[in-house]
Amino acid sequence: MLALLDEAVTALKAPLGEEYRAQGWTDDLRREVQERISINRSVLRRHGTGMARHLRPRFDEWMEHGGVQPGRLRGLVGDVQRSLVEARAMA
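Model, not experiment: these values are computed from the prediction.

Rules used in this analysis
- Residues numbered from 1 in each chain as written.
- Predicted model: local features only at pLDDT ≥ 70, side-chain atom pairs only at ≥ 80, totals over all residues.
- Heavy atoms only, no water.
- Helix = DSSP H or I, 4+ residues; strand = E, 2+ residues; numbered from the N terminus.
- Rg over C-alpha atoms; globule rule 2.2 N^0.38 Å.
- Buried < 20%, exposed > 50% of the residue type's maximum accessible area, 1.4 Å probe, protein only.
- Contact = heavy atoms within 4.5 Å.
- Core = buried A, V, L, I, M, F, W, Y, C linked by side-chain atoms within 4.5 Å.
- Axes fitted to C-alpha atoms, helices over the stretch in contact; angles between N-to-C directions.
- Parallel < 35°, antiparallel > 145°, perpendicular 65-115°, else oblique.
- Nonpolar A, V, L, I, M, F, W, Y, C, P; charged D, E, K, R; others polar.
- Salt bridge = Lys/Arg side-chain N within 4 Å of Asp/Glu carboxyl O.

Another point: the overall build of the protein. Per the secondary structure count, the protein includes 5 helices and 0 strands. Its helices and strands taken in sequence order, the protein reads α-α-α-α-α from the N to the C terminus. The C-alpha radius of gyration of the protein comes to 13 Å, within 12% of the 12 Å expected for a compact globule of 91 residues. The dimensions of the protein, computed from C-alpha atoms along their principal axes, are 40 × 20 × 20 Å. Taken over 91 residues, the protein has a buried fraction of 37%. In the protein, 69% of the contacts between residues at least 6 apart in sequence involve partners at least 24 apart.

Now the structure itself:
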């Protein structure tokens, strides 16, 4: 799970290309999602996956509200959310 979070943070740190902007991503949304994933990753690294039960990932709502269309980056963020929800259910 941490490898997936690392991958997402790396992808979200990169400047948005035209493809992602066309899908509805904005710099503000990208930064907000990247920051939240970074915080979740830090919590899990510091305190273990048992802390997943305290995390409330809402990336899908943010992307939906922002009008983000399907694509690689949205899929990756969706995978992060599913991973966190699954870890939360197991904690």
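On we go.
Below, the discussion takes up the nonpolar core. Ranked by internal contacts, the top residues of the largest apolar core, which has 23 residues, are Trp25, Val33, Ile37 and Phe59. Sort the elements by how many residues they give to this core and helix H5 (residues 72–90) lands first, with 6 residues. When sequence neighbours within four positions are dropped, the list of residues in contact with Trp25 reads Leu12, Leu16, Tyr20, Arg30, Val33, Met63, Val68, Leu73, Arg74 and Val77.

The contact between helix H4 (residues 59–66) and H5 brings their axes to 9 Å, and the two run at 150 degrees. Considered as vectors, H4 and H5 are oriented roughly antiparallel to each other. Contact residues: Phe59, Asp60, Met63 and Glu64 in H4; Arg74, Val77, Gly78, Val80, Gln81 and Leu84 in H5. Of the residues that constitute the contact of H4 with H5, the class distribution is 5 nonpolar, 2 polar and 3 charged.

The final tally for this structure, using the stated rule, is 8 salt bridges. Two residues, Arg31 and Asp28, come together in a salt bridge whose shortest N-O distance is 2.8 Å. Here the residue Arg31 and the residue Asp28 both occupy positions in helix H3 (residues 27–47), the gap between them amounting to 3 residues, near one helical turn. Here Arg31 falls in the partly exposed class, since its relative accessible area comes to 41%. The exposed category is assigned to Asp28, whose relative accessible area is 54%. One salt bridge connects Arg82 with Asp79, and the closest N-O pair in it is separated by 2.4 Å. Highlighted residues: Arg82 and Asp79, both in helix H5, separated by 3 residues, approximately one helical turn. The exposure class of Arg82 is partly exposed, given its relative accessible area of 46%. Each of Asp6, Arg41 and Arg45 takes part in a single network of salt bridges with overlapping partners.

Everything listed is a geometric property; what it means functionally is a separate question.
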